[in-house]
Each structure stands twice: as C-alpha cells, then as structure tokens.
Amino acid sequence: RGAGLKMVYLGESDIGPVPKVYASGLAMLPSDILHTPDAIEQAFQARFSIAYAVAALYFGVLVRPRASEDEWLNVGIAVHLAALFCKNILGNNWYRFFVVDEVDEMTTTGAKGVVLNSVRGVDLENEAVRRRAHLVVHMVERRAGADVFKRVARDVVGEALSGKVLLGDQDSVPGTLSVAPFLKHIRAACGTELRGIVKWWVHSAGVPRFQCAYQYDPKKHQVEFVMKHDVKFPEGKQTRDKNTKPVSVGHLAVRVMEFEGPHENNLDLRDMVQVTEFPCHSRRAKQKAVKIDKELTEDAPISTPLPAGSPVQWVRVDPEMEWAKELVFQQPEAALVATLKGERDAPAQLSACQGLARLPTTQGAQALFECLKDRRLYYRVRCAAAGELLSFAIPDLKYVGFHLLMGFFQEFYVHSDAEGGHVKQNDFSNVAEYFVRVAVIAALSRVDKAMAEQACKFLLDLLIHNDNEMNLYSDERYLCHIVQGIGRLISTLGTLPDTLLVDVSSQLDRYEKINSVLKRHDGLVSLAIHETRSRLSNQEDSVHLGILRLEACCGVSFSTQKSAVDGLWRVSRPHLREIGTFLGVIDGKTDPAMPSYHSAPRIRLYVLGLLREFAIRENSSLCLALRTTSHVARAICQRLLILSFCDPDPRISKAALDICTIVWGRGVPVCFLSDAEVDVWKARVEQARAAQAREELEKSAKRPSSPASEVDPPSAAPAAEQPKAEQPTTISPTEPPAIPADPSSLDAEDLVFLRRAYIQFANATPQTQPKKKKKKKRVPDGEGREGLPKKKKKKKDNDKKRKKKHKKKHKKKHKKK
C-alpha cells in the first residue's frame, strides 16, 4: 500500500545482456539472475522460483489467512499462479507435466501424506504440503474454469488493496482469505458446487484410486467400461483418517477414440464398482481396421491385436486432468501403439510409454524407438521412451532395448566410421536434444549385469572424447551424469577387469585435476568423482573421506552438500564414531582444526532426517550404541540436547528432540545416569527378564504383570529411584538456557541442567491418545449456516405408526387363539 517496490525481470534482447537498473520504486533485473548464463537445468527452476516468490507476496503477505485452518489455501493459490505464469512462457506441455509430476510424487511417496486442515506454521514449507495444496486449487480451477478463477483471485487482491470487504461477512477483516467465502464466491460466479470435494481433500490424507478396464462388444456395438473406485492411504494414516470413504462427488470423464473421431462420456461417481456401456458412434469397418493394423504392425503382427471390426482405437480416462488420482489402467498393446502414434496430448503419450514397458515385446520396443527418434514430440515423452526401453533389455528379447539405445546414440551423437568414429562436439543449443541425450546415458547406466561391462566402456569413451570447447553452455551436469553412470555400473559389476579399472581411475584423476584448475559453479563433478571412487575401493580412503567432509560443510550449494553427505553415509555407514561427523556437518565443522562455517538450514534438516530414519528402525545399531554409558555416547547426547534447547531454528530443535525421544525415551538418558542409578537399572532389567520368563510358564495367570521388555529402550531409571535433590525445576520453553555450543566446555552444573531440561521437554510433548467423540451441538435453522439451505423438519406420520401397532396386536391375539 502506498509507495512500494516494483521488480521487473527482462529476458534476452538483441542489444546484449540486460543491465541491472535501480530507480525510485523500480528495479529492472535480468531473468537469469538466479543462475549463470551457461546453465540449462537451473533456468527452469529459477523462473518458477521467481514466479512463486512474487505470487507469495500477494497471497501470503498482502492477503493473509483468516484462520489457522485456511493457511494452506494461500500456499496453494501462490503455487498455482506461479505454475500458470510458467505455462505462458514455457508452454502448455510443461504445465501438464508439472501437474503429472506432482500427482506421481503424491501417490508414490506414501509416507509423506498430510492432512491440510491440521497443517500449521513451519509445516507449510514442506514440499508435500505445497504439492497437495496446489493440487486442490488446480482441481477447483479445472471445475470452475480459468476465467472464473482469475476473476475471483483478482477480487481477493482488490479487497486487500481497497480495505473493503468483498468476500464473506461484513464483520470479517478485509485482506483475509478463508475457504468457505472463497468457494461461495466461485459458486456465485459459475454455479458449480465445490464444497464437498474440497472438504474431502482438506480433511483426508488419502488419494483416490481408479482401477479401470474396457472391452468391445461386437453384438451390441458398445464398449463395456468397468471402474473400481477406492482410496489409497499413506502408511499409518488408515485408522486415524476420518474420511475412509472414497470421493462420491462429481463425475469422471472417459474419452473413447474411434475411427471417426473422439467421443466424450461422463461417468457419475455413485458406487465403488460401476459397469457402464458406452455406445459406439462409428460404423463397423473391417477393411479399415485391417489397414490400420497393417500400419501399426509394419513387419510383424502385434501380440494383442484389436478385435475384428472394432471401431475403438484407444480409451482415455480423465483426459483434462480434473482429478488428482492414481490410475490403474492397462490397455492392449495395439491401443498403446496407436496412442503413441495418433494422440497429440503429451501426458497420454507418456502413459502409453509406461504401458508398453509392462508388456515387453519386440513390437513395443520398436514403437518406443520410433518415439525416441521423432523430434516433433515433446522432449519429456522422448526421455520417458528412453527410460522405458530399459525394460526391454532382458535375455528373453536378446537385450533389444540396450542395442536400440546404443544405436540411437551412435546415430545422432557419434561420427561415422569414415569420419573417425569419435563422439561429436557438445552442442547444447537445442535444449530438448540435451535432455534426451542425458536420458539415454541414464538409461544405459542401469542395464543388466550381462551388458554392464559394454555400457561401462561406452560411457568411459564418452568421458575420454568429451569436447566442450565450442559449446555455449556448461557441460558440468552432463559430465556428472556420465561419471555417476560409471559408478552405478561398477556397483552392478562388483569387480572390474584390470585394464578397465586402470582406464577409469586415470580418467577420474584427469577430471579431478581439471576441476582443481577450472572452478565449477556447483562442484557436482567433483562429488560424482568422489562417489565413483568410493565404489571402486572396498576400503575407506582417508583422503577421500576428508574431501567429502569438507564438501559437506563448505559446499557451494545444497545439492553439493547433499551429495557429499550421501557419500559419507554410504562409505562410512553411521557407526557411533561417525555420528560426530554428521553432527559436525550441522555445526559447519567436521574437524576441530578446520574453521567453522554457517550451515544452511536445509542441509541441517537433511542430516537430522537421515539420523532419525536410521534410529527409528527396529533394533537399530545406532540406538543400541547410544544406549550405553560410553564417553562417545555421552558427547553425542550432550550435542543433541544442546540442539534441542539452544538452537534458534524451531525446526532444528524439534528434529533433534525427536531423535532424543526415539533413542532414550521420555526419561533420563543412560549416559547421564550415575553409577548407583546404572546398577539399579541393571537390576531392574534382570528382574524384568526373570518376570517375563515366569509369565511364559504361568499361562493361567489372570493378571499378568507389565515388566519392561528387553527390546524397550533402557532410557532411564524410574522417578522413584532418582535422587530427590535432582527433581526438575520449572523451565520456560520460550527462554532457552544459555549453554555454550561446544560440549567440551560444559561443566557439572550444565549437565545437571540438561538432564532436568530434557525430562521436562520430552514429557511436555503431546502423546498420541484416542480422541473422544464430541457431541455435535444442534444448530438452529438460519444461525451459523451461511450459504447452506435451511433444514426441513420431518413430519411424523402418526397414522402409519398406529396401523403398525394395530397389526402387531392383531397378530399376537391370533397366535394366542
């Protein structure tokens, strides 16, 4: 409001690079400000990041949520507007694949299921929350219409700027957004009721799953379509989720492609299992069907041909992507090949490639190879075809998929034998060809063991003859993919021949020297080299581990640090002596002799997440090692407790406290117990074992005792056994204790304070208890029911009740007689 700052991002011009111009209230910046001009992958990410930051200024700063339950709506609208902006500059196919990727991530990563209604504060930065919130807003926009959604969003921003209430009640605060008034305004604009479906997605963590199949009936000249509708829940969410029933609001679009054109059909979601018959609008044409079969088969017949006289070429479910769902729909091979050749929609071609990979035949491999060579197709479809060709590299098909991938690369990116047979110079001016080239390399690196040595030699040849002198773009990520591919093939083979091992080691040394002279932007090539070296040698290399520790703390970007942490995790495996290394990454200091750096919150959360996932496993070696009285366990416990109470970032504190509660429970950690308390604890464990043995013998006991099992964490002595002088005092959670960050500088008073603080904080965390069902208060008609129709009072049919009573009496008298 009032005087503000306007930031304008300009693209490339014929004059030259765009200069940075700063004026009063105006800043003109180039669009590649977040990446170098020679980058390719970062260009797509940077444009979306800038668009999301601008959208979050409106929906998040200017327009605030009306209540805590409405925070997800601002996040979803901001992501959706950023995606629509990128759709205008990157194309419609980019947006459709963006939605497809988010749906795939939500359905495949079941452990990240979230309930939007219960998300608060810091959790909104989670990628799973953003993904689900955006998909809900996307479904609202698809049902209401793009024009209606933009008009309502414009009204919301206008209300915040003018200070007048346009949406909701007059008593509401202007500039705030809530779900109910937002949907009510959409319903007034387009007449579509969306409260039912939005309520299901907001209060549930599940994802709808549609299992479909169809069959052509030549007698009735109809298509029999069967659909089963259920819900897929994340792990551990089935029992706690209230909405266990599937979505029963709306309809599902089914498009049947016939010879004479497509025909739309709508399927109402009434029952969980539905059988519907769709009439065919095309005539039976056997000759025409035979011609199409010949075009599809070319030389060899297809294993699952279309029925004779069938006018159906293929069927698509939800072609306009109105649902965020998991679709299980397998069509015949002929229909998939026809979709790949005749359908113009890129997501449909992607699903056809995935369907052909489930039916590995020679004809399917040939169809994917033709798709890979067709430069008119969207590059993501060609990349998918390259990846799915790996499913055809099996002994039953004589590794036809591997040979097709090798033939494609040699045809387009390698000189002929007459010209020397070397790899061509890098030319990444065609971005689509660059992504296809990288996809083929990634597919070749995942071949079977029988072809792994040949693929490793081919990738090594690419590494030897790589020439990026005349290329305008950086080849850092391209080299990173090649080196990582060699590392995967080394893991597949296990042991390399001596000559191949010498060649690989020499090339890794060569590129390591090049990287020491030419400083790369992200340092990804160096990390890929270290990762491959760790797979070459079975023994730990001290120099290699030192480089990984330095990159983990002082990496240029998050991806660099993440790769280094993954390398440390894989090479050293989290033994007790290496936990200090990972905690040092959190501090930005893995060695006392090296200077300390400020680690970014993302890498700190990532390291704590790795430790938590390893500790939460059953009979984890990390937990068993930390539940001891050794000095190493004591130092690690002190460091985790300092992070729990003294770190300014609440996310770091929460993650560290979760690890502590998983390892040591809610009592005093074992390493903090005195010698007398350790003796008492050992005696209690022996008593518990004896009591457990007696329980197994006495099966007829009515009331079995509840001793501590051997698997339970020996976290603490009981409160009655603890000395009275060490009772926990009241500590304010908002005022963290002033304890030095270095554990070596802690004295006895600090250790006692940490012990007391941990007991209080661990026991203050809410435990999962079954919620009591609250009785719903009766709401009188017209009060608290905004936008809902008034409930009609049910009239009692007294005459019917009297007749039923009279019949019962008459029957009783008749029986007595």
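Let me begin by describing the structure that accompanies this report. What you are looking at is a predicted structure, and each value in this text was computed from that prediction instead of being measured. (Residues numbered from 1 in each chain as written. Predicted model: local features only at pLDDT ≥ 70, side-chain atom pairs only at ≥ 80, totals over all residues. Heavy atoms only, no water.)

What follows concerns the overall build of the protein chain. The helix and strand inventory of the protein chain stands at 28 helices and 12 strands. Counting the 817 residues in the protein chain, one finds 44% classified as buried. Looking at the protein chain alone, contacts between residues at least 24 apart form 67% of all its contacts between residues at least 6 apart. About 45,800 Å² of surface is accessible on the protein chain, with carbon and sulfur atoms providing 52% of the total. (Helix = DSSP H or I, 4+ residues; strand = E, 2+ residues; numbered from the N terminus. Buried < 20%, exposed > 50% of the residue type's maximum accessible area, 1.4 Å probe, protein only. Contact = heavy atoms within 4.5 Å. Areas by Shrake-Rupley, 256 points an atom, 1.4 Å probe, with all protein chains shown as cover.)

A grouping of V54, L57, Y58 and V61 is seen on the molecular surface, where their side chains present a nonpolar patch of about 370 Å² in accessible area. Looking at the secondary structure, you find V61 in the loop between α1 (41-58) and β4 (64-65). For V61, a relative accessible area of 56% gives the class exposed. (Patch = residues over 30% accessible without salt bridge, like charges linked within 9 Å, V, L, I, M, F, W, Y side chains within 5 Å. Salt bridge = Lys/Arg side-chain N within 4 Å of Asp/Glu carboxyl O.)

Now for the environment of Y413. Secondary-structure assignment places Y413 in helix α13 (residues 400-413). With a relative accessible area of 8%, Y413 lands in the buried category. For Y413, the residues in contact, after removing those within four places along its chain, are F408, V423, K424, E433, V436 and R437. Within the local environment of Y413, its side chain forms a polar contact with the side chain of E433, the two groups lying 2.8 Å apart. (Polar contact = N/O pair within 3.5 Å; in protein donor to acceptor, adjacent residues only side chain to side chain.)

Topologically, T339 is positioned in helix α9 (residues 333-342). On the basis of relative accessibility, which here comes to 4%, the residue T339 falls in the buried class. Those residues in contact with T339, other than ones at most four positions away along the chain, are W314, A348, Q349 and A352.

Applying the stated criterion across every chain, the model contains 20 salt bridges. The residue R477 makes a salt bridge to E41 at a minimum N-O spacing of 3.9 Å. Separated by 436 residues along the polypeptide, R477 in helix α16 (residues 476-493) and E41 in helix α1 bring together distant segments of the chain. Between R382 and E433 there is a salt bridge whose closest N-O contact spans 3.0 Å. With R382 in helix α12 (residues 379-388) and E433 in helix α14 (residues 431-444), this residue pair connects regions lying 51 residues apart in the sequence. What makes E433 buried here is its relative accessible area of 8%. One salt-bridge network, held together by shared partners, links R96, R316, E343 and D345.

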